[in-house]
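# Breakdown of the fold
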Amino acid sequence: MPFLNRFTIVIFLWLGLLLCCACNNRSPEHPADRGKLPDTLVRYYNELIIAIDTLNQSKQKALVESVLSLPREQVGPYYAYFKGLRYKLAGIKDSALYCYRLMQADTAIPGLYSLQQYALFSAGISGESIVPSDKVAAMLKVIRQAEQEKSIFVYLLYDLLAQTYYINGNIDKAVAYTDRYFQYHPLHGSPVIQQRYHDISFMLAAKREHAQAMKQHLEQARELALRLGDSMALARTYDYEGQLHSVKKEHAQAVASTRIFFNYLKQHNLLKKYAFNNLATSFVRNQQPDSAIYYYEEAIQWARQHPGASLFGEYQGLAEVYRKQGDYKKQAIALDSAINIFGRNVATIEAGKIAELQTRYETEKKDQAIASLQTSNRLSRRLITQQRWIFLATSLLLGTLALIIYNSYRRKLLLARNEKLSLENRKLLLEQKALQLQLDPHFIYNAVANMQGLISSDKKKEANAYLVTFSSLMRNMLELNRQDLISVDEEINALEHYIRLQQMRFENVFDYNIDTGDLDTSEIQIPPMLVQPFVENAVEHGFKNIEYKGMLQITFTEEEGSLHISVRDNGVGAMEQGRPEKKSLSGAIIRERLDVLFNQEKTVAYFKTYSYTPEQGKGYLVDLYIPLLTA
């Protein structure tokens, strides 16, 4: 019998025994009323959580349901963890986080605090494209504490940190913490854990294109797959083999290995979009464009039968193959499809972010209402008890009781006031997020219109270059919009991406210069995408239809504790544009953002615009002032 099946039977036999014991020893106590679980149960639950790594997802779900069927007093603080794990396996992230927060991380139970922090961080970074530095620092702090306490779950924190560094692109640290994960895993002798380690290590080696390490982990993974009798794991090694051949420029062998993996998935009705895409990519590298086109189109057909799959990468791949074949008409069609899909993806992401903010706001509001109700209930019960004593106590007791009631009432008022202030602060933060997100659709509409203009003008090469630069800018924007504040360095980087796009569109009709003087731009903070709308107005309305070389000057200076940002152009100016008093939509949004962020008590952030007179020369000037913030 394979190792995995034997191990699964042992786990479920133990769980059945525990269920029988629980039925015979049911306690009327609530978990919160107990000091802690018996050491025997703590040890069993810790071993059960460790063993979950060796099960597939269906068996993990069955195990979780078995634990949750036990009486709550027999599971204690582990009940909230297993309930959160149930939601995590079902893909319900918010409910999982809620359950993990309910865990009573009793420091008297070894490893429980480390387990709770792992669960919270793991659910928190799920689906993230980048993990903020403050969250990484918090993980490292928890890991140091777990190491000092010699927590049995420190290996889970190592695995989580390895995933974090992989998401952030730090492959060397991801490799180091993956090795620590395997070294400290209590079941590192299990073939299932060994196979997972070699699978992850192969992926990291492939990311670094380290052929020797890839070969070593491939051989180990294949040997373990054969020992376990896992046909899927064995087939996956052929996909690894194809990646190894690609790194070694052995493209014909890469096609053959990737095809074996593809055929296995097809035979077992397990095909996914990535399998078509990987095989098509192998054909592209092997100079077989017709085969590559066939599998890209097969991926598109598959995705149409499976709603929800994005085809942006497939259309990009088709466009590249058509370009190499010289078929620019089909390339343009594929690029147009890719642009449309990209636009829909961005709109979907933005709508999802806004919905997430609204959901978070409603959830926090509901939590505040529940907390207020619980406080009121506690106060009501205390008041009833005090009223009973009134009928039995002497005049001295009546006076003392009145003083207690007065203090309780005052405490209730202070608590209600604090809760109201906290709710207002959260509302302001959510309003700022929503205003920040309003800028993106306005900019995306103009950028996509510019790109469509290039395609309509039959400027295929310019459109292709524009698409690549636009894609880089959009990724940068999506990452920055997740943060309330970014460094001036990051803002300048985003501005330069945008200005280069406009230079391509207007065929270098203008130059630009960004001057920061002696400012420490890596430390000074600024709301993301704050300057871009002013730059957009300067380019769109200042440099349009000019017959001389335009110049855009952007400066960042410190003035009396404020950050002064100046955007100046030598374009036609507002008076020649025929709209001296018109305010743009983006300007209104920025004014609202400044009010939400900085101007709650008094005006400390604002901007002014000036149009030069004929005697001063052509051009337009925007002066923006915000408080000087540092990281």
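In the block above lies the structure referred to throughout.
This text gives an overview of the structure that appears in the document. Everything numeric here is computed off the predicted structure, so don't read it as measured data.

Okay, the overall build of the protein chain next. Looking only at helices and strands, the protein chain has 24 helices and 8 strands in total. In the protein chain, buried positions account for 44% of the 631 residues. A fraction of 65% describes how many contacts in the protein chain between residues 6 or more apart in sequence connect residues 24 or more apart. Entry remark: accessible area of the protein chain is about 33800 Å², with carbon and sulfur atoms responsible for 52%.

On to the environment of Tyr-294. Following the sequence through the fold, Tyr-294 ends up in helix α16 (residues 289-305). In sequence terms Tyr-294 and Phe-276 are 18 residues apart; their C-alpha atoms lie 9.4 Å from each other.

Here we come to the packing of aromatic side chains. Applying the stated criterion across every chain yields a total of 17 aromatic pairs. Clustering of aromatic rings is evident, with ring pairs tying together Tyr-45, Tyr-78, Tyr-81, Phe-82 and Tyr-100. The ring of Tyr-44 carries the charged tip of Arg-43 above its face, separated from the ring centre by 5.5 Å. Positioned over the ring face of Tyr-238 is Arg-222, at 4.4 Å from the centre of the ring.

Together, Asp-489, Glu-490, Asp-520 and Glu-523 line one region of the surface with negative charge. Along the polypeptide, Glu-523 turns up in the loop between β2 (510-515) and β3 (524-526).

Time to look at the pairing of strand β7 (residues 620-627). Among the 8 residues that make up β7, 7 are buried, leaving the element largely enclosed by the rest of the structure. Relative to β7, strand β5 (residues 562-569) is paired through 8 bridges, and the arrangement is antiparallel. Among the inter-strand pairings, Val-567 is bridged to a residue of β7, identified as Val-622. Bridge analysis of strand β6 (residues 606-611) against β7 gives 6 bridges, and the strand direction is antiparallel. In the strand pairing of β7, Tyr-610 is matched with Leu-621.

Here the focus is the sheet that holds strand β1 (residues 486-487). Across the sheet, which stays open at both edges, the 3 strands sit in the order β1-β3-β8 with antiparallel pairing between neighbours. Each edge of the sheet is formed by a strand with only one pairing partner; in this case those strands are β1 and β8 (629-630). Sheet topology places β3 next to β8; 2 bridges connect them, and they run antiparallel. Within β8, the position partnered with Ile-524 by the bridge is Thr-630.

Attention now goes to the pattern of salt bridges. Applying the stated criterion across every chain yields a total of 10 salt bridges. Between Glu-320 and Arg-323 there is a salt bridge, with the nearest N and O atoms lying 2.6 Å from each other. Residue Glu-320 and its partner Arg-323 are located together in helix α17 (residues 312-325), separated by 3 residues, close to a single helical turn. Taking the relative accessible area as the measure of exposure, Glu-320 reaches 30% and is therefore partly exposed. For the salt bridge of Lys-549 with Asp-511, the shortest nitrogen-to-oxygen distance reads 3.7 Å. Separated by 38 residues along the polypeptide, Lys-549 in the loop between α22 (532-542) and β4 (550-559) and Asp-511 in strand β2 bring together distant segments of the chain. With a relative accessible area of 36%, Asp-511 lands in the partly exposed category.

To continue, consider the packing of helix α9 (residues 154-167) against helix α10 (residues 171-184). The geometry of α9 relative to α10 is characterised by a closest axis approach of 8 Å and an angle of 160° between their N-to-C directions. Classified by the interaxial angle, the pair formed by α9 and α10 is roughly antiparallel. α9 and α10 meet at a crossing whose hand is left-handed. Between α9 and α10, the residues in contact are Val-154, Tyr-155, Tyr-158, Asp-159, Leu-161, Ala-162, Tyr-165 and Tyr-166 and Ile-171, Lys-173, Ala-174, Tyr-177, Thr-178, Arg-180, Tyr-181 and Tyr-184, respectively.

Residues Arg-378, Arg-381, Arg-382 and Arg-411 make up a contiguous surface patch of positive charge. A total of 3 residues in the positive patch trace back to one element, the largest contributor, which is helix α18 (residues 328-392). Relative to the helices and strands, Arg-378 is located in helix α18. We classify Arg-378 as partly exposed; its relative accessible area is 45%.

This part is about the sheet that holds β5. The strand order across the open sheet formed by 5 strands is β2-β4-β5-β7-β6, and the pairing between neighbours is mixed. Looking along the sheet, the strands with just one partner apiece sit at the ends: β2 and β6. On average, each strand axis in the sheet is inclined to that of its neighbour by 10°, with strand direction left out of account.

Note on placement: Gly-242 falls in helix α13 (residues 231-247). Sequence-distant contacts of Gly-242, that is, excluding residues within four places in its chain, are made with Ala-254, Ser-257 and Thr-258.

Our next topic: the packing of α10 against helix α11 (residues 191-207). Two elements in contact, α10 and α11, have axes whose closest approach is 10 Å; the angle formed by their N-to-C orientations is 170°. With respect to α11, the axis of α10 lies roughly antiparallel. Across the interface between the two elements, Ile-171, Ala-174, Val-175, Thr-178, Asp-179, Tyr-181 and Phe-182 of α10 pack against Ile-193, Gln-194, Arg-196, Tyr-197, Ile-200, Ser-201, Leu-204 and Lys-207 of α11. For the contact of α10 with α11, the per-class residue count stands at 9 nonpolar, 3 polar and 3 charged.

Turning our eyes to something else, we now look at the nonpolar core. In this structure, Val-535, Leu-552, Leu-594 and Ile-626 are the most contacted members of the largest nonpolar core, which totals 84 residues. For Leu-552, the residues in contact, after removing those within four places along its chain, are Ile-499, Phe-510, Asp-511, Tyr-512, Asn-513, Val-535, Ala-538, Phe-543, Val-567, Arg-568 and Asp-569. If you look at the next biggest cluster of nonpolar residues, it comprises 60 residues, including Ile-50, Leu-160, Ala-162 and Ile-200.

Right, let's talk about a nonpolar patch on the surface for a bit. Taken together, the side chains of Trp-389, Ile-390, Phe-391, Leu-392 and Leu-398 make up a nonpolar region of the molecular surface, amounting to roughly 600 Å² of accessible area. Top element by residues in the nonpolar patch is α18. It accounts for 4 residues. Position of Leu-398 among the secondary structure elements: in helix α19 (residues 395-456). Take Leu-398: its relative accessible area is 37%, and that puts it in the partly exposed class.

All right, on to the side chain of Ser-122 then. Inspection of the secondary structure puts Ser-122 in helix α7 (residues 112-125). Only 3.2 Å separates the side chain of Ser-122 from the side chain of Lys-88, close enough to count as a polar contact. The contacts of Ser-122, once residues within four sequence positions are left out, are Lys-88 and Leu-160.

Before going further, it helps to spend a moment on unusual backbone geometry. In this structure, Glu-209 is a non-glycine residue whose phi angle is positive, near 55°. Position of Glu-209 relative to the elements: it lies in the loop between α11 and α12 (211-228).

The rules behind the values
Residues numbered from 1 in each chain as written. Predicted model: local features only at pLDDT ≥ 70, side-chain atom pairs only at ≥ 80, totals over all residues. Heavy atoms only, no water. Helix = DSSP H or I, 4+ residues; strand = E, 2+ residues; numbered from the N terminus. Buried < 20%, exposed > 50% of the residue type's maximum accessible area, 1.4 Å probe, protein only. Contact = heavy atoms within 4.5 Å. Areas by Shrake-Rupley, 256 points an atom, 1.4 Å probe, with all protein chains shown as cover. Phe/Tyr/Trp six-rings, centres within 6.5 Å; stacked < 30°, edge-to-face > 60°. Lys NZ or Arg CZ within 6 Å of the ring centre and 35° of its normal. Patch = residues over 30% accessible without salt bridge, like charges linked within 9 Å, V, L, I, M, F, W, Y side chains within 5 Å. Salt bridge = Lys/Arg side-chain N within 4 Å of Asp/Glu carboxyl O. Lys, Arg positive; Asp, Glu negative; His and termini not counted. Charge placed at Lys NZ, Arg CZ, Asp CG, Glu CD. Pairing = 2+ DSSP bridges. Axes fitted to C-alpha atoms, helices over the stretch in contact; angles between N-to-C directions. Parallel < 35°, antiparallel > 145°, perpendicular 65-115°, else oblique. Left-handed = near helix turned anticlockwise from the far one by under 90°. Nonpolar A, V, L, I, M, F, W, Y, C, P; charged D, E, K, R; others polar. Core = buried A, V, L, I, M, F, W, Y, C linked by side-chain atoms within 4.5 Å. Polar contact = N/O pair within 3.5 Å; in protein donor to acceptor, adjacent residues only side chain to side chain.

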